[in-house]
Amino acid sequence: MILYHLRDSMSIAKRKKMNYSDITSKTIETIENEVCKAAMERGLAELTIKLQEMADAMPTEGSDGRRLRRTRRIGMEINTSLGKAKIGVICGQCKSTGGWETPFRDKLFRGERGADTPALERKIVTTACETGSFEKAARVCGVWGCDLSDDKVMMTVRRVGDACKSSLLPRMCDCAAGKEDTLIIMMDGWMARHRESKWGKKNACAEERVAWHEIKSAVIFRLSQVAEVNKGRRLLITKHIVATPAQTTPVDFGRKVQDEAERMGMNRAAKVYVIMDGGVYLWSVFKDRFADIAVGQLDYYHASQHLHALAEALFPDQTQTNERDAWLSRLLKTLKTWGPKTLMDAIADTEQMNIKDDERRDIVRRESEYFKNHAEHMDYRSAKKEGVPIGSGAMESQCSQNQNRFKRRGQFWSKDGFASFLLAYVWYTNDELDNLYQKAS
């Protein structure tokens, strides 16, 4: 044993001495790349063996559950994080349909002739979601060791998005509210640019080639998951987002938000708040889906914009600047601190004013009606006591994050491509991509 250790030590010393000049002539990066390449080659060989064992163990049954006939072995290429693995799989004819099927490929790899492993798919989707374009995603993939084209990235993301079926999701989210939690739901929309029917045709007008569509969205979170980073600045530790494709109707959007809110524990939470701006369709969704279980709250900062518009109509002259500012400041303060009573009294007083200018009178009437419709949605005093945000800042932030990926210069989305990527993006953001690779709950 002693002689063995001595011989081994002398061999190491000799090898170090022999390779010293070679090592010093190389950079650390080159050496690391060589080691990584060798490790990936060894790993790919081992992975190929394991994949072949899995394929051999797969029952030769068709989609009808019956044994395939006229079976034969064919080659299959599987793209992995370590490289391309080549194995042999059984292919046969289904007795019910008469079609040719490959159980190992069809059941585990979404039925494609070439296939990506779940680990590789997740890496590609993550990279595509976190970068600004498919081209950038392809370059980043190349850096971490997987050479892909931007078309390959796009096709992978679209395939994953098409596979994101609601039936695969668990009944309750991991971050769902409990019996003592307050659940917050915020809704709003943002814009994305789409290709229209005459995209690419020079003689068509701009509206027939390109159009902006609203992407109705929501963010749902527990109040306990709001952390204060520093004074006046809050951060969501965990959240659940919803985003629907272009031209989704308010009815379908409301149904989707309700479904996700229930998965987030809406029916068992101690209290539920729905916070949003004054969008008419948003409040229709609230009345239709949430009015019997949640407290509706108008975004304070959106309310303040309407109050500014009302003040401008009531005090239009420059000589009334001080009077307007004092009136506005008093009502904003009381609204935020005590609730809407003082504001509603002031609005009642405006109705007694004799405004002769038709335009100003219409503005006063419109804004007064606006506040009357939302009188029960402005109890900011109670919200602040419970620690509930009085504005929809979290929703505005989420809209900004979504737009940062889907509303960039030069991006023109097809309807189907956008819908698929958006769904993959939502599942990725909600950390639910794992559900693609396990049975539905």
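Parameters at a glance
- Numbers given for residues are sequential positions, taken from 1 along each chain in its written order.
- Reporting in this predicted model follows two pLDDT cut-offs: at least 70 for local features of residues, and 80 or more for side-chain atom pairs to be given and counted; totals over whole chains, interfaces and linings ignore these cut-offs and use all residues.
- Only hydrogens and water are set aside; all other atoms, that is, all heavy atoms of the structure, feed into the side-chain values.
- Only runs of H or I of at least four residues qualify as helices and only runs of E of at least two qualify as strands under DSSP, and these elements are numbered from the N terminus.
- Burial classes: relative accessible area under 20% of the type maximum marks a residue as buried, over 50% as exposed, and values in between as partly exposed (1.4 Å probe, protein chains only).
- Counted as a polar contact is a pair of N or O atoms within 3.5 Å, where, for protein atoms, one must be capable of donating a hydrogen and the other of accepting one, and residues adjacent in sequence contribute only when both atoms are in side chains.
- Two residues qualify as a contact provided that any one of their heavy atoms is within 4.5 Å of a heavy atom in the partner residue.
- The pairing criterion for strands is at least two bridges between them, as found by DSSP.
- The convention used is that axes are lines fitted to C-alpha atoms, helices contributing only their stretch in contact, and that angles between N-to-C directions extend from 0 to 180 degrees.
- Confidence scores here are pLDDT values: one per residue, from the predictor, ranging 0 to 100.
- Pairs were defined over the aromatic rings of Phe, Tyr and Trp, the Trp ring being its six-membered one, requiring ring centres within 6.5 Å. Orientation was assigned from the angle between planes: stacked under 30 degrees, edge-to-face over 60, tilted for the rest.
- Surface patches are drawn from residues lacking salt bridges whose relative accessible area is over 30%; two like charges belong together within 9 Å, two nonpolar side chains (Val, Leu, Ile, Met, Phe, Trp, Tyr) within 5 Å.
- In this description, accessible areas are obtained by the Shrake-Rupley approach with a 1.4 Å probe, and a residue is regarded as covered only by the protein chains that are shown.
- We define a salt bridge as a side-chain nitrogen of Lys or Arg found within 4 Å of a carboxyl oxygen belonging to Asp or Glu.
- Residues counted as positive are Lys and Arg, residues counted as negative are Asp and Glu, and His and the chain ends are not counted.
- Note on charges: their place is set at NZ of Lys, CZ of Arg, CG of Asp or CD of Glu.

## Topic: the side chain of Gln93
At step 1: Position of Gln93 among the secondary structure elements: in strand E2 (residues 83-93).
At step 2: Residue class for Gln93 comes out buried when judged on its relative accessible area of 10%.
At step 3: Of note is the side chain of Gln93, whose polar atom sits 2.9 Å from the backbone oxygen of Gly98.
At step 4: Excluding its chain neighbours within four sequence positions, the residues that come into contact with Gln93 are Leu68, Arg69, Arg70, Gly98, Gly99 and Trp100.

## Quick word on the sheet that holds strand E10 (residues 271-276)
At step 1: Strands sit in the order E9-E6-E5-E10-E11 across an open sheet of five strands; the sheet is mixed. Strand pairing shows two members of the sheet lacking a second neighbour, strand E9 (240-243) and strand E11 (295-298), which therefore form its edges. In this sheet, neighbouring strand axes are inclined to one another by 25° on average, regardless of whether the strands run parallel or antiparallel.
At step 2: Both strand E5 (residues 182-195) and strand E6 (residues 210-222) contribute to a ladder of 13 bridges, which runs antiparallel. By the bridge assignment, Ala192 is partnered in E6 with His213.

## Examining the confidence of the model for the chain
At step 1: This prediction gives the chain a mean pLDDT of 89; 92% of its residues lie at or above 70.
At step 2: Contacts from residues 1-6, a stretch scored under 50 in pLDDT, to residues over four places away or in other chains number zero contacts.

## Observations regarding the packing of aromatic side chains
At step 1: For the coordinates displayed, the defined rule picks out 17 aromatic pairs.
At step 2: Taking the centre distance of 5.6 Å and the plane angle of 45° together, the rings of Phe406 and Trp413 count as tilted. Each member of the pair Phe406 and Trp413 is classed as buried.
At step 3: Taken together, the ring pairs in this structure connect Phe134, Trp190, Phe406, Trp413, Phe418, Phe421 and Tyr425 into an aromatic cluster.

## Details of a positive patch on the surface
At step 1: A cluster of basic side chains, namely Arg66, Arg67, Arg69, Arg70, Arg72 and Lys95, defines a positive patch on the protein surface.
At step 2: As for its position among the elements, Arg67 is in the loop between helix H2 (28-57) and strand E1 (69-80).
At step 3: You can call Arg67 exposed: its relative accessible area is 59%.

## What about unusual backbone geometry?
At step 1: A positive phi angle, near 55°, is found at Arg70, a position not held by glycine.
At step 2: Structurally, Arg70 is set in strand E1.
At step 3: Even without a glycine there, the phi angle at Asp431 is positive, about 55°.
At step 4: Residue placement: Asp431 occurs in the segment after helix H16 (415-429).

## A short note on the side chain of Ser217
At step 1: Turning to its location among the elements, Ser217 is positioned in strand E6.
At step 2: A distance of 2.7 Å separates polar atoms of two side chains, one belonging to Ser217 and the other to Trp190.
At step 3: Of note is the side chain of Ser217, whose polar atom sits 3.2 Å from the backbone oxygen of Ile215.
At step 4: Ignoring anything within four residues of it in the chain, the contact list for Ser217 reads Met186, Met187, Asp188, Gly189, Trp190, Val242, Ala243, Phe253, Met395 and Asn402.

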